[in-house]
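Each chain, written out:
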Amino acid sequence: MIALILLFGCAKDAPQDSASELCQDAPLTTYDNFGQGFMLQHCQSCHASESLERNGAPEAVHFDDEEAVWQHADRILTRSTGDAPDMPPMGGVTSEDRLRLEQWLLCE
């Protein structure tokens, strides 16, 4: 399902019917109540513009604020959710948090 949604472009602009099943019973999830903490805990050690040890993360890919996250939402969904997520590379994210990340980026 996620691959089909990504074909439509930026996740925030995905057609409502594409994500409706996932979003139907999703809790209200925003940058303030979930996204900011998730990015800080799981992503910003490598994906912060001021990070000293980016571990190969591209310089232009940083998640310093909500706007930067939305600019990369399609890539975050591809790499961090679904059946075979590969970010963060050291793992540590529960399946529940991965689902909530997907719901936030697709349902907001």
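An account of the accompanying structure is given in this report. (Residues numbered from 1 in each chain as written. Predicted model: local features only at pLDDT ≥ 70, side-chain atom pairs only at ≥ 80, totals over all residues. Heavy atoms only, no water.)

## Comments concerning the nonpolar core
One broad trend across soluble globular proteins is that nonpolar side chains are buried collectively. One finds Phe 38, Met 39, Val 69, Ile 76, Leu 101, Trp 104 and Leu 105 to be the most contacted residues of the largest nonpolar core, which totals 19 residues. Listing elements by their share of this core, those giving two or more residues are α2 (16-23), α3 (31-42), α4 (66-71), α5 (73-80) and α6 (95-107). Those residues in contact with Met 39 that lie beyond four places of it in its chain are Gln 44, Phe 63, Val 69, Ile 76, Leu 101 and Trp 104. (Core = buried A, V, L, I, M, F, W, Y, C linked by side-chain atoms within 4.5 Å. Buried < 20%, exposed > 50% of the residue type's maximum accessible area, 1.4 Å probe, protein only. Helix = DSSP H or I, 4+ residues; strand = E, 2+ residues; numbered from the N terminus. Contact = heavy atoms within 4.5 Å.)

## Points about the state of the cysteines
Using the criterion set out here, one finds 1 disulfide in the structure. Between the sulfur atoms of Cys 23 and its disulfide partner Cys 107 the distance amounts to 1.9 Å. Note on the Cys 23 and Cys 107 pair: the S-S dihedral is about -85 degrees, so by sign convention the disulfide is left-handed. On the criterion of sequence distance, the pair formed by Cys 23 in helix α2 and Cys 107 in helix α6 is long-range, its members being 84 residues apart. What makes Cys 107 partly exposed here is its relative accessible area of 28%. Here Cys 43 stays free of any disulfide, with the sulfur of Cys 46 as its closest cysteine sulfur at 9.1 Å. (Disulfide = S-S within 2.5 Å.)

## Describing the environment of Gly 35
Residue placement: Gly 35 occurs in helix α3. With relative accessibility at 0%, the residue Gly 35 sits in the buried group. Along the chain, Gly 35 and Arg 100 lie 65 residues apart, while their C-alpha atoms are 9.1 Å from each other. Residues in contact with Gly 35, not counting those within four places in the same chain, are Thr 30 and Trp 104.

## Describing α6
Between its terminal C-alpha atoms α6 stretches 18 Å, which fits the 18 Å expected from 13 residues at 1.5 Å a residue. Where α6 is concerned, the buried positions are Arg 98, Leu 101, Glu 102, Gln 103, Trp 104, Leu 105 and Leu 106. (Expected span 1.5 Å × (residues − 1).)

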